[in-house]
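This is what each chain is made of:
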Amino acid sequence: MPHLESVVEPVCESVFECVGNTPVVALRRLFPDRGVEVIAKLELLNPGGSMKDRSARHIVEAGLREGSIVPGSRLIESSSGNFGIALAIAARIYDLRFTCVVDPKTTQANVAILRGLGADVEIVTQRDHAGGYLHSRINRVEELLAMLPGAIWVNQYANDRNWEAYYCGTGAELNEQLVHPPGYLFAAVSTTGSILGCARRLRERFPDLRVIAVDAVGSVIFGAPAGPRELPGIGSSRVPELCRTEEIDEVVHVDDVDAARGCRELLLAEGIFAGASTGAVVSAIARTLPRLPRPCRVVTIFPDRGDRYLDLVYDDDWLAAANVRRDAALG
């Protein structure tokens, strides 16, 4: 027998070392049509509950390596929840302080998790000129930067390390996991970091891949008119600095109701309990598949899990009210 001292145990030094290596699953129950295969990468299985663990880890660890972030630094970020939670985990692990600027659309579950992780939570309540809260959140970030000398704005909408995290992580893993080439990538957008990072890496191996962005109705990322949106984590009321429209082949807009229905259909068919942006992706795929040529192979990314949306897409009263709002908007 080897001496115990010579045995290396596969023990991670922190929960951040558990980020990545998420599985892919075929959605054959949800999309059973002959000649169609839809493969989903379950980013919702990351330890913080979302794919944002990847960008938070990459941004913080790169900053620590180069010295732009040092232990004791205060990070500030505007987030609807998932990225904020991932940064709060990073702050715990790397002896940092963190202030997260959120708004009333941020779920109570996310606010509770942020506070439980020791983050300072700032909630802006005034809508901006676009009818949302993103500009108001950024204004508050800028105020805090002026009040807190030495504070660091992570700025996921303009930080190239955002898309790099998915190029090196999710996209690289998909290149290893996929044996047969996919024809299409469907991915939800907000900062556009994840879709661009994954697409750039996948196209190195699969150059004919078509990239389809799934955006929210009311989001302005791709030039659509601004409008009310209730679901966090998808869409934006400003165009991210990272966005490169020339790298996107098509955009599908999904409203709150269809995103919620997509979540529920996925749960019933596949037993996958996912968040609102995943529901939007499911709805977009279902809407687009009838016009795609056969055989058709789709790869998609499920960004986060559903437990933080119990009072939104999984709540019958919320869905009924969303239906009423949609009917009123349609006249």
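Residues numbered from 1 in each chain as written. Predicted model: local features only at pLDDT ≥ 70, side-chain atom pairs only at ≥ 80, totals over all residues. Heavy atoms only, no water.

> Just give me the short version of the overall build of the chain, but keep the residues and values in it.
Scanning the chain from terminus to terminus reveals 10 helices and 10 strands. Against the 2.2 N^0.38 benchmark of 20 Å for 331 residues, the chain shows a C-alpha radius of gyration of 20 Å, consistent with a compact globule. Overall, the chain is about 65 × 55 × 35 Å in size when its C-alpha atoms are taken along their principal axes. Across the 331 residues of the chain, 56% fall into the buried class. For the chain, the proportion of contacts with a sequence separation of at least 24, taken over those separated by at least 6, is 71%. Measuring between centres, the 35 positive side-chain charges of the chain sit 3 Å from its 43 negative side-chain charges. (Helix = DSSP H or I, 4+ residues; strand = E, 2+ residues; numbered from the N terminus. Rg over C-alpha atoms; globule rule 2.2 N^0.38 Å. Buried < 20%, exposed > 50% of the residue type's maximum accessible area, 1.4 Å probe, protein only. Contact = heavy atoms within 4.5 Å. Lys, Arg positive; Asp, Glu negative; His and termini not counted. Charge placed at Lys NZ, Arg CZ, Asp CG, Glu CD.)

> Can you break down the sheet that holds strand 9 (residues 250–254) residue by residue, with the values?
Pairing within the open sheet is mixed, and its 6 strands lie in the order 1-2-10-7-8-9. Bordering the open sheet on either side are strand 1 (24–26) and strand 9, each of which pairs with just one other strand. Taken pair by pair, the neighbouring strands of this sheet meet at an average axis angle of 25°, ignoring direction. The pairing of strand 1 with strand 2 (residues 36–42) spans 3 bridges and is classified as antiparallel. Following the sheet pairing, A26 is matched in strand 2 by I39. Contacts from helix 6 (residues 170–177) reach strand 1, strand 2 and strand 10 (296–302) within the one sheet, and its direction differs from that of strand 2 by about 135°. (Pairing = 2+ DSSP bridges. Axes fitted to C-alpha atoms, helices over the stretch in contact; angles between N-to-C directions.)

> Explain the packing of helix 8 (residues 256–270) against helix 10 (residues 316–330) to me, using residue names and the numbers behind them.
Contact pair helix 8 / helix 10: the axes reach a minimum separation of 9 Å and the direction vectors enclose 145°. Judged by the sense of rotation from one axis to the other, the crossing of helix 8 with helix 10 is left-handed. Between helix 8 and helix 10, the residues in contact are D256, V257, D258, A260, R261 and R264 and D316, W318, L319, A322, N323 and R326, respectively. Considering only residue class, the contact of helix 8 with helix 10 consists of 5 nonpolar, 1 polar and 6 charged. (Left-handed = near helix turned anticlockwise from the far one by under 90°. Nonpolar A, V, L, I, M, F, W, Y, C, P; charged D, E, K, R; others polar.)

> Describe helix 4 (residues 134–147), listing the residues and the values that go with them.
Count 3.6 residues to each turn of an α-helix, and residues three or four apart come out pointing the same way. With 14 residues, helix 4 ought to run about 20 Å at 1.5 Å a step, and its terminal C-alpha atoms sit 20 Å apart, in line with that. Among the residues of helix 4, L134, S136, R137, I138, V141 and L144 are the ones counted as buried. (Expected span 1.5 Å × (residues − 1).)

> Explain the packing of aromatic side chains to me, and be specific about the residues and the numbers.
On inspection of all chains with the given rule, the structure shows 2 aromatic pairs. Consider the rings of W163 and Y167, whose centres lie 6.0 Å apart with planes at 85°: the pair is edge-to-face. Remark: Y167 and W163 occur in helix 5 (residues 160–168); sequence separation between them is 4 residues, near one turn of the helix. By relative accessible area, Y167 is classed as partly exposed at 21%. A cation over an aromatic ring shows up here: R200 above the ring of W163, its NZ or CZ 4.5 Å from the ring centre. (Phe/Tyr/Trp six-rings, centres within 6.5 Å; stacked < 30°, edge-to-face > 60°. Lys NZ or Arg CZ within 6 Å of the ring centre and 35° of its normal.)

That is the geometry; function is a separate question.
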